[in-house]
Amino acid sequence: MNILVTGGAGYIGSHTCVALLEAGHTVIIVDNLSNSNSETLDKVKQITNREIIFYQIDVTNEKAVDNIFAIHDIEGVIHFAGLKAVGESVEKPLPYYYNNIVSTLVLANACQKYNVSNLVFSSSATVYGDNTVPFVETLNLLPTTNPYGETKVMSERILTDIAMANPSFSVSILRYFNPVGAHESGLIGEAPNGIPNNLMPYVSQVAKGKLRKLRVFGNDYPTVDGTGVRDYIHVMDLAEGHVAALDKITAGVHIYNLGTGQGTSVIELVKAFEEANDIKVPYEIVDRRPGDIASCYADASKAKRELGWIAKRDVISMCRDSWRFEKNNKDSGTSLWLSR
Ligand code: NAD
Ligand code: WQD
């Protein structure tokens, strides 16, 4: 199929393009490069030995998006493009609502106009809020405490309403848990700007000596060792989940958790990283981070049952692949540790 991938130069998008190309699809990427760079696309070509079509445009730009649909015979859309930093969304809610909601509206509109009936949307486990684990797709969603999470809840709602009103429209809403890791080549991976917010890139940068030590946010949660528990999923498993969702897409709205179903604590992740890479990761326990929940992991049985997809890579592979990319990533060499 000819697949339009918005945000395809980003972390999850670039890995998904690898999986799509390897499955024989043609990819047309649109990305404004606000949180990525075009070198990643060269790496995707290098890994797959396949060509990709790329347009540097903003998905909120209705005319530019319309033009892409007019030029290409698009058969499916995967919508990754969006802003994703939870903390920043609290400070600057307007760009988050604008970017994440308007991009969804523009794409849904273009799909209708050009009779493109398959759309896969990047949602997040954050929509569950502080629910009881494991999170199953049928749970009532709870408030997410941040504008980023609300943009995901709203986009899910918008796409659901559109699909209900248009019975031939097929929407797969994929709720990702905690994507980590990198392509096994070490050529593409997660390279956040500035000091990372997320655990795995922080751990990798501590291991590299770029940051002095990890701050573990709280050890008094009701979990196995008191530290926060999450469902880390290898980004290549996640990428393959998108291919499965496209292969199996049928009319209507289908919501799938993409996670492993396994919870791992912060300390367990640190120990796994040390074991996988034979390197020390110094850490200290500090106060809880506001807004964090104790535990978040998936009931991943629906994706297995309906898509025939399961996450295959374990936490050790996630740590090994994250570290391989971190070591290779030239943009990640400057020492910041005096500031932390
Ligand atoms: P990313 O920032 O690496 O990728 C997003 C890409 O979208 C970037 O390349 C950015 O330049 C592009 N982009 C942003 N706004 C755009 C716009 N208006 N027009 C065109 N391009 C635009 O993020 P990611 O981690 O790859 O996340 C991809 C999607 O998955 C996002 O929607 C995110 O909310 C969702 N998600 C991510 C996580 C995670 O932990 N990484 C978890 C759950 C859901
Ligand atoms: C994981 C665990 C922290 C950093 C976020 C978003 C979510 C989704 C995925 C987009 C927690 C602990 C972290 C650190 C730590 N993104 N931690 N020290 O918060 O589960 O999810 O990314 O949709 O919406 O909220 O991920 O990697 O930030 O944290 O102790 O320096 O690691 O407290 O228990 P989180 P995370």
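Thresholds, definitions, all that
- Residues numbered from 1 in each chain as written.
- Chains lettered and ligands numbered in written order.
- Predicted model: local features only at pLDDT ≥ 70, side-chain atom pairs only at ≥ 80, totals over all residues.
- Heavy atoms only, no water.
- Core = buried A, V, L, I, M, F, W, Y, C linked by side-chain atoms within 4.5 Å.
- Buried < 20%, exposed > 50% of the residue type's maximum accessible area, 1.4 Å probe, protein only.
- Helix = DSSP H or I, 4+ residues; strand = E, 2+ residues; numbered from the N terminus.
- Contact = heavy atoms within 4.5 Å.
- pLDDT = per-residue confidence, 0-100.
- Pairing = 2+ DSSP bridges.
- Near = heavy atom within 4 Å.
- Polar contact = N/O pair within 3.5 Å; in protein donor to acceptor, adjacent residues only side chain to side chain.
- Areas by Shrake-Rupley, 256 points an atom, 1.4 Å probe, with all protein chains shown as cover.
- Nonpolar A, V, L, I, M, F, W, Y, C, P; charged D, E, K, R; others polar.
- Salt bridge = Lys/Arg side-chain N within 4 Å of Asp/Glu carboxyl O.

## Comments concerning the nonpolar core
- Counting residues in hydrophobic clusters, the biggest one holds 38 residues, and the most contacted among them are Val5, Leu20, Val27 and Leu258.
- Listed by contribution, the elements that provide at least two residues to this core are strand 1 (2-6), helix 1 (11-22), strand 2 (26-30), helix 2 (39-48), strand 6 (170-176), helix 8 (235-247), strand 11 (252-258) and helix 10 (301-307).
- Broken down by element, the residue count for this core peaks at 8 residues, all from helix 8.
- Excluding residues within four positions of it along the chain, Leu258 makes contact with Leu174, Arg175, Tyr176, Phe177, Ile233, Leu238, Gly241, His242, Ala303 and Trp309.

## So, the confidence of the model for the protein chain
- On average, the protein chain scores 96 in pLDDT, and the residues at 70 or more come to 97%.
- Note that residues 333-340 has pLDDT below 50 and, in this model, 16 contacts with residues that lie over four places away or in other chains.

## Thoughts on the sheet that holds strand 12 (residues 264-265)
- Read across the sheet, 3 strands follow the order 12-9-14 without closing on themselves; strand pairing throughout is mixed. Each end of this open sheet is capped by a strand with a single partner; those strands are strand 12 and strand 14 (295-296).
- Relative to strand 14, strand 9 (residues 229-230) is paired through 2 bridges, and the arrangement is parallel. Paired with Val229 across the bridge in strand 14 is Ser295.

## A few points about the site of ligand 2
- Surveying the vicinity of ligand 2 reveals 19 residues, the closest of which are Ser124, Tyr148, Arg215, Arg230 and Asp292.
- At 2.7 Å, a backbone N or O of Arg215 approaches a nitrogen atom of ligand 2.
- Between ligand 2 and Asp292 there is a distance of 2.5 Å, counted from an oxygen atom to a side-chain nitrogen or oxygen.
- For ligand 2, the accessible surface in isolation is 680 Å², of which the surrounding protein chains cover 87%.
- Elements with a minimum of two residues in the shell around ligand 2: helix 7 (199-208) and strand 8 (214-217).
- Considering each element in turn, the shell around ligand 2 owes the most residues, 4 residues, to strand 8.
- Taken together, the residues of the shell around ligand 2 sort by class into 9 nonpolar, 6 polar and 4 charged.

## Comments concerning the side chain of Asn100
- Within the secondary structure layout, Asn100 lies in helix 5 (residues 93-113).
- Among the residues examined, Asn100 registers a relative accessible area of 4% and is labelled buried.
- Of note is the side chain of Asn100, whose polar atom sits 3.1 Å from the side chain of Thr151.
- Setting aside residues no more than four positions away along its own chain, Asn100 makes contact with Gly82, Leu83, Pro95, Tyr148, Thr151 and Ser155.

## Notes on the site of ligand 1
- Around ligand 1, the structure places 26 residues, and the nearest of them are Asp31, Asn35, Ser36, Asn99 and Tyr148.
- In the environment of ligand 1, an oxygen atom lies 2.8 Å from a nitrogen or oxygen atom belonging to the backbone of Ile12.
- The separation between an oxygen atom of ligand 1 and a polar side-chain atom of Tyr148 is 2.6 Å.
- Taking 820 Å² as the accessible area of ligand 1 by itself, protein coverage stands at 95%.
- Considering each element in turn, the shell around ligand 1 owes the most residues, 3 residues, to strand 5 (residues 118-124).
- Taken together, the residues of the shell around ligand 1 break down into 11 nonpolar, 11 polar and 4 charged.

## Quick notes on the pattern of salt bridges
- Summed over the entire model, instances satisfying the criterion amount to 14 salt bridges.
- Two residues, Lys92 and Glu88, come together in a salt bridge whose shortest N-O distance is 3.9 Å.
- Note on Glu88: relative accessible area 34%, which makes it partly exposed.
- We note a salt bridge from Asp292 to Arg289, for which the minimum N-O separation is 3.2 Å.
- In this structure Asp292 comes out as partly exposed when scored by relative accessible area, which is 24%.
- According to the relative accessible area criterion, Arg289 is partly exposed, its value standing at 33%.

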